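Listed below are the residues making up each chain.
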2 protein chains.
Amino acid sequence: MSKNIKIHKLKNPLSLDCGAILKSVEIGYETYGQLNSNKTNAILICHALSGDQFVSLTNPITNKPGWWSAVIGPDKLVDTNKYFVICTNVLGGCMGSTGPMSEDENGKIYGLNFPVITISDMVRAQNQLLDDWEIPSLFAIIGGSMGGMQTLDWVANYPDRFFCAVAIATAARHSAQNIAFHEVGRQAIMADPEWQKGQYIEKNTFPNKGLAVARMAAHITYMSDSALHRKFGRNLQNRDALAFGFDADFQVESYLRHQGASFVDRFDANSYLYITRAMDYFDLAANFDGKLTNAFANFKGRACVVSFSSDWHYPPSDSRAIVRAMMAAGVHVSALEVETDKGHDAFLLDEPVFHKALEGFLDAASKEKGLK
Amino acid sequence: MSKNIKIHKLKNPLSLDCGAILKSVEIGYETYGQLNSNKTNAILICHALSGDQFVSLTNPITNKPGWWSAVIGPDKLVDTNKYFVICTNVLGGCMGSTGPMSEDENGKIYGLNFPVITISDMVRAQNQLLDDWEIPSLFAIIGGSMGGMQTLDWVANYPDRFFCAVAIATAARHSAQNIAFHEVGRQAIMADPEWQKGQYIEKNTFPNKGLAVARMAAHITYMSDSALHRKFGRNLQNRDALAFGFDADFQVESYLRHQGASFVDRFDANSYLYITRAMDYFDLAANFDGKLTNAFANFKGRACVVSFSSDWHYPPSDSRAIVRAMMAAGVHVSALEVETDKGHDAFLLDEPVFHKALEGFLDAASKEKGLK
């Protein structure tokens, strides 16, 4: 693993929802800013499916800006001069955390022998990391998309350990359509003979093509139809007329191919299988007698739920269901549906209305907690 | 080719939009009912991407009902006691018509040497078949989805040869999002090593896995999110609890896998590449100075445009654009947006409101033409 990836080894074994226990778990992480003396200024950022712990500044692996560096950093909306920002690579991930690429107790690469994990398992690992670091409570937990699922899981399972929950462009359970898209991606990976039934590391291959197709299919769901139309329409790629062939005639094809090709350079195929599966399995109410309100019943902090009007991956109706359940549970929840044509990806983009609202929410909560 | 497939060999060469000329073209077809003595009762049905000429009664290849047998047949809405119904397998298809599976002039299988075709090429072939059959004009042309594109192309290019145009769940041009989904499908096929750069017939292989993934991705776009939710939700497949594995836990996964697996039994992978490409290339206004109204300017017949509220593959807004342009061109167009949660597939399903409207439209037009 790259020397640029910081690793924390959990002090205790990690129990998983499937019943398995991982005796040895490493968590890749990054932090920004300083923990204050009374340990009240920590914010945990939860990343999305294809994200990682490099949320701010420059990602030392890709040398590109961290995926939320527009929002998090010195003098940014989430000001790392004030807050201590933690982001951990999710359990099952491929940026330092234990996952299918890791070796089991016998030194053998897990591959498909890695246990199937859940969003709760990811959160349980984060919680144990905070135990190990002796940080009793967080100021805030913030996450978008799959990061929002983790945030909601925190609200349900560790309601006393943090003050603010910010769940962005997410859902309390994965829809049938989203499961279907994930299944297409998994089938694309597993159809690639280079996948080698999951043992591609030992066989020194990699399912580039299958993973690229998976990413392409997923990427369409991250953008709205109108954003695709605005960005590409039917514009041709470096040509004046249709080529009557199967090269990328249209800019949108070229763009998608690029998305697929660049993804395989930074992501592991088996991690993709495991993380999409964890998202499919996410159904927060299921462990609370089927009532989402019950999941939020013990949270006394402040919640903020944000959705984007053109997001069809996690549509505003998913967020409204969260808000309804939170309100019924007596949670102080601020909710915002941002008008935008940018689709699901809006949570990562420059959305001034969203950013203003997030800033106001965090500032007010920070005053309430006496943070400076 | 199966003896159950009727073949018509075009008498003249077929000129293609790409500039190539196919000297020898065969068209797979099926007919239902009898052409009347003055040849005024013929209806051409145009099939969709994955359709074929077996529109009514029993499909002799699959032994299943024809894909629109609920609507077309003796005493049905389109009554084959009254009408002579023609359906041809599209050029580039795999049910008898010349396409990438066919042999070229030297007896070599075309594969990717088959020229890239367009919707207009498909329609030109249909038009030549009518010439050969000496049917001067049709009572109606009806098509849904890609069949609707063909119908619109008929309106634009052969406006004098038919009286009624029924375009269902379609668009005058393919959107960026639809091009993107098609590109995912094509990449999935071409990523399969069994595809053999298109020469799988010679190599005695078939890209089953790639084609199945392509079909799965496409199939999601044919259903609405709410239909998937209603039909499957998060229901588990033959199990009481999550299996913590990568088998099909959810019914929606099992359903999609079935859709993919059954598709490869009846469809050719290269045909899928060519037909999706033809759809991507479809932009009816492009050949009419960019003005859709110009495309409809010479049609003096009756038009009917139907869309379905939850169709996100060809959303109602696409149909509204057609209707606007037709009205501006002075076309007598009846338009209907059917409220349904069944998504794009609604055009093939039992939709009483749609069927009643179609029946009324055809009956009125039939009276106008003095058909009995």
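Just so we're clear, the structure is a prediction, and the values are computed from it rather than from any experiment. (Residues numbered from 1 in each chain as written. Chains lettered and ligands numbered in written order. Predicted model: local features only at pLDDT ≥ 70, side-chain atom pairs only at ≥ 80, totals over all residues. Heavy atoms only, no water.)

Turning our eyes to something else, we now look at the overall build of chain A. Within chain A, the secondary structure is distributed over 10 helices and 12 strands. Computed over its C-alpha atoms, the radius of gyration of chain A comes to 20 Å, within 12% of the 21 Å expected for a compact globule of 372 residues. The principal-axis extents of the C-alpha atoms in chain A amount to approximately 65 × 50 × 40 Å. Taken over 372 residues, chain A has a buried fraction of 63%. A fraction of 70% describes how many contacts in chain A between residues 6 or more apart in sequence connect residues 24 or more apart. Counting every atom, chain A has about 14,200 Å² of accessible surface; 48% of that belongs to carbon and sulfur. (Helix = DSSP H or I, 4+ residues; strand = E, 2+ residues; numbered from the N terminus. Rg over C-alpha atoms; globule rule 2.2 N^0.38 Å. Buried < 20%, exposed > 50% of the residue type's maximum accessible area, 1.4 Å probe, protein only. Contact = heavy atoms within 4.5 Å. Areas by Shrake-Rupley, 256 points an atom, 1.4 Å probe, with all protein chains shown as cover.)

Here helix 4 (residues 208-222) of chain A contains 15 residues, and its C-alpha end-to-end distance of 21 Å stays within 8% of the 21 Å for a straight helix at 1.5 Å per residue. Across the 15 residues that make up helix 4 of chain A, a large majority, 13, are buried. (Expected span 1.5 Å × (residues − 1).)

Okay, the layout of surface pockets next. Rolled over the atoms, a probe sized like a water molecule indicates the empty space that remains. Residues and elements named next belong to chain B. Approximately 1,200 Å³ is the volume found for the second largest pocket. Those elements that place two or more of their residues in the lining of the second largest pocket are helix 4 (208-222), helix 5 (225-231) and helix 6 (251-263). Per-element accounting of the lining of the second largest pocket gives the leading share, 5 residues, to helix 6. For the lining of the second largest pocket, a count of residues per class yields 17 nonpolar, 13 polar and 9 charged. Each of domain 1 (6-174 + 284-368) and domain 2 (178-276) contributes no fewer than three residues to the lining of the second largest pocket. (1 Å grid on protein atoms, 1.4 Å probe; cavity = no way out; pocket = protein on both sides within 12 Å on 5 of 7 lines; lining within 4 Å. Points joined across faces, edges and corners; volume = space filled by probe spheres on them. Nonpolar A, V, L, I, M, F, W, Y, C, P; charged D, E, K, R; others polar. Domains from an automatic or database assignment.)

Attention shifts here to the interface of chain B and chain A. At the interface, 51 residues of chain B touch 51 residues of chain A. Of all residues in chain B, R234, F244 and F246 of chain B give up the largest surface area on contact with chain A, accounting jointly for 19% of the area buried on that side. Where chain B packs against chain A, one counts 10 salt bridges. One salt bridge connects D283 of chain A with R234 of chain B, and the closest N-O pair in it is separated by 3.5 Å. Our count for the contact surface shared by chain B and chain A stands at 24 residue pairs in polar contact (both at pLDDT 80 or more). Broken down by element, the residue count for the side of chain B that touches chain A peaks at 11 residues, all from helix 3 (residues 176-191) of chain B. Grouping the amino acids of the side of chain B that touches chain A by side-chain chemistry returns 29 nonpolar, 8 polar and 14 charged. (Buried area = accessible area lost by both parts, 1.4 Å probe. Salt bridge = Lys/Arg side-chain N within 4 Å of Asp/Glu carboxyl O. Polar contact = N/O pair within 3.5 Å; in protein donor to acceptor, adjacent residues only side chain to side chain.)

Here we come to the packing of aromatic side chains. Summed over all chains, the structure comprises 39 aromatic pairs over all chains. Ring centres of Y200 of chain B and F206 of chain B lie 5.3 Å apart, and the angle between their planes is 85°; on these two criteria the pair is classed as edge-to-face. The buried category is assigned to Y200 of chain B, whose relative accessible area is 1%. Taken together, the ring pairs in this structure connect Y110, F114 and Y274 of chain A together with F246 of chain B into an aromatic cluster. Residue placement shows R215 of chain A over the ring face of F263 of chain A; its charged tip is 4.5 Å from the ring centre. Positioned above the aromatic ring of F163 of chain B, the side-chain terminus of K369 of chain B is 4.7 Å from the ring centre. (Phe/Tyr/Trp six-rings, centres within 6.5 Å; stacked < 30°, edge-to-face > 60°. Lys NZ or Arg CZ within 6 Å of the ring centre and 35° of its normal.)

This model, assessed by the stated rule, comprises 35 salt bridges over all chains. In this structure, D17 of chain A and R124 of chain A form a salt bridge, with 2.9 Å as the shortest nitrogen-oxygen distance. Separated by 107 residues along the polypeptide, D17 of chain A in the loop between strand 2 (14-15) and strand 3 (21-22) and R124 of chain A in helix 1 (residues 119-132) bring together distant segments of the chain. With a shortest N-O distance of 2.7 Å, R186 of chain A and D280 of chain A are connected by a salt bridge. Linking R186 of chain A in helix 3 (residues 176-191) with D280 of chain A in helix 7 (residues 269-281), this pair joins segments that are 94 residues apart in sequence. The buried category is assigned to D280 of chain A, whose relative accessible area is 0%. Through salt bridges with shared partners, a single ionic network connects E183, R186, R277 and D280 of chain A together with R239, D249, E253 and R257 of chain B.

Turning our attention to the pairing of strand 10 (residues 162-168) of chain B. Residue and element names in this part refer to chain B. With respect to burial, strand 10 is a largely interior element, 7 of its 7 residues being buried. In terms of strand pairing, strand 9 (residues 138-144) meets strand 10 through 6 bridges, oriented parallel. Bridge pairing links A140 to C164 in strand 10. In this fold, the crossover linking strand 9 to strand 10 by way of helix 2 (residues 146-157) has right-handed handedness. In the sheet, strand 10 pairs with strand 11 (residues 302-308) via 5 bridges, with the strands oriented parallel. Bridged to V166 within strand 11 is C304. (Pairing = 2+ DSSP bridges. Right-handed = clockwise from strand over helix to strand, strands pointing away.)

Before going further, it helps to spend a moment on the relation of the copies chain B and chain A. Superposition record for chain B on chain A: RMSD 0.0 Å, screw rotation 180°, translation along axis 0.0 Å. In short, the pair behaves as if placed about a two-fold rotation axis. Looking at the interface residues of chain B, 100% of them are also at the interface in chain A, so both copies use one shared face. (Least-squares fit on C-alpha atoms with pLDDT ≥ 70 in both.)

Another point: the pairing of strand 12 (residues 332-338) of chain A. All names here are of chain A. Where strand 11 (residues 302-308) meets strand 12, 7 bridges bridge the pair, whose relative direction is parallel. Bridge pairing in strand 12 links A303 to V333. A crossover links strand 11 with its parallel partner strand 12, the connecting element being helix 9 (residues 316-328), and its sense is right-handed.

This part takes up the domain arrangement of chain A. Residue and element names in this part refer to chain A. Taken as a whole, chain A is organised into domain 1 (6-174 + 283-368) and domain 2 (178-276). The gap between the C-alpha centroids of domain 1 and domain 2 is 26 Å. Contact with domain 1, which involves 30 residues of that partner, is made by 31 residues of domain 2. Here domain 1 meets domain 2 over a buried area of about 2,600 Å², counting both sides, of which 62% is carbon and sulfur. Sorting the residues of domain 1 by area buried against domain 2 places L49, H174 and W312 first, and these three jointly supply 26% of that buried surface. Linking D341 and R230 is a salt bridge whose minimum nitrogen-to-oxygen distance equals 2.7 Å. Inspection of the domain 1/domain 2 interface yields 13 residue pairs in polar contact (both at pLDDT 80 or more). Considered class by class, the residues forming the side of domain 1 that touches domain 2 number 15 nonpolar, 11 polar and 4 charged.

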